[in-house]
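Each chain is listed here by its residues.
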Amino acid sequence: QVHLVESGGGLVQAGGSLRLSCAASGSTFTNYDMGWFRQAPGKEREFVAGIRWSGGSTDYADSMKGRFTISRDNAKNTVYLQMNSLKPEDTAVYYCAGRVRAWRPIATLIDYRYWGQGTQVTVSS
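Before going into details, it helps to say that this report is about the structure given with it. All values derive from a computational prediction rather than experimental measurement.

1. A short note on the nonpolar core
Within the largest apolar cluster, 35 residues are counted, with the highest numbers of intra-cluster contacts made by M34, W36, V79, L81, M83 and Y94. When contributions to this core are tallied by element, the ones reaching two or more residues are β3 (18–25), β4 (32–39), β5 (46–51), β7 (68–73), β8 (78–83), β9 (92–100) and β11 (119–124). Leave out the neighbours within four places in its chain, and M83 touches G16, S17, L18, L20, R67, F68, Y94 and V121.

What follows is the structure, given as structure tokens:
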């Protein structure tokens, strides 16, 4: 079982940048594909970005492509989400999640069994 802890959220103006981090512990990090999801008030949790266990393949939600970058450092057991050109509609709680590595698409929320506590990102206009 992997334990996940996010950090790096905060308040930023529109057009600004933030970098989220998610530190994993308790299990072999390379056994897991990792994803970032977000949930805004009154909305369902949605996929943001995902990365396979090796770091060799990534996927993004359409609205994040070109603005967000997911990466991982397997030596540090950490996954990152670099967010640029932030918009007010990016305001949400961002969650790091892990699933045992598999060849299924990495955007599927129900595949993720392990979740962090979430970190708030607020983008002001």
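Let us keep going from here.
2. Comments concerning the state of the cysteines
Applying the stated criterion across every chain yields a total of one disulfide. Each sulfur of the disulfide joining C22 and C96 lies 2.1 Å from the other. Here the S-S torsion is close to -75 degrees, and the disulfide linking C22 with C96 is therefore left-handed. Pair noted here: C22 is in strand β3 and C96 is in strand β9, with a separation of 74 residues, a long-range link. For the pair formed by C22 and C96, the shared burial category is buried.

3. Quick word on the pairing of β5
Most of β5 sits out of view: five of its six residues are buried. Here β4 pairs with β5 via five bridges, running antiparallel. When the sheet's bridge partners are listed, M34 is paired in β5 with I51. Hairpin geometry of β4 and β5 is characterised by an intervening segment of six residues between the two adjacent antiparallel strands and by a positive phi of about 80 degrees at G42. Examined bridge by bridge, β5 and strand β6 (residues 58–60) share three bridges and lie antiparallel to one another. Looking across to β6, one finds that I51 is bridged to T58. With antiparallel pairing between neighbouring strands as the criterion, β5 and β6 make up a hairpin whose turn holds six residues, including G55 at a positive phi of roughly 85 degrees.

4. Topic: the packing of aromatic side chains
In the structure shown here, the tally under the stated rule is six aromatic pairs. Ring centres of F37 and W115 lie 5.1 Å apart, and the angle between their planes is 55 degrees; on these two criteria the pair is classed as tilted. A residue pair is termed long-range when its members are at least 10 positions apart, and F37 in strand β4 and W115 in strand β10 (residues 114–115) qualify at 78 residues. We classify F37 as buried; its relative accessible area is 0%. Through successive ring pairs, a cluster of aromatic residues spans F37, F47, Y95, Y112 and W115. Over the aromatic face of Y80 sits the side chain of R19, whose NZ or CZ is 4.0 Å from the ring centroid. Here R101 stacks its cationic end above the ring of W53, 4.0 Å away from the centre of that ring.

5. Some words on the pattern of salt bridges
By the definition in use, this model includes eight salt bridges. With a closest N to O distance of 2.8 Å, D90 and R38 form a salt bridge. Taken together, the residues span a long stretch of sequence, with D90 in the loop between β8 and β9 and R38 in strand β4 at a distance of 52 residues. Each of D33, R52, R99, R104 and D111 takes part in one network of salt bridges that share partners.

Quick notes on the rules
- Residues numbered from 1 in each chain as written.
- Predicted model: local features only at pLDDT ≥ 70, side-chain atom pairs only at ≥ 80, totals over all residues.
- Heavy atoms only, no water.
- Core = buried A, V, L, I, M, F, W, Y, C linked by side-chain atoms within 4.5 Å.
- Buried < 20%, exposed > 50% of the residue type's maximum accessible area, 1.4 Å probe, protein only.
- Helix = DSSP H or I, 4+ residues; strand = E, 2+ residues; numbered from the N terminus.
- Contact = heavy atoms within 4.5 Å.
- Disulfide = S-S within 2.5 Å.
- Pairing = 2+ DSSP bridges.
- Phe/Tyr/Trp six-rings, centres within 6.5 Å; stacked < 30°, edge-to-face > 60°.
- Lys NZ or Arg CZ within 6 Å of the ring centre and 35° of its normal.
- Salt bridge = Lys/Arg side-chain N within 4 Å of Asp/Glu carboxyl O.

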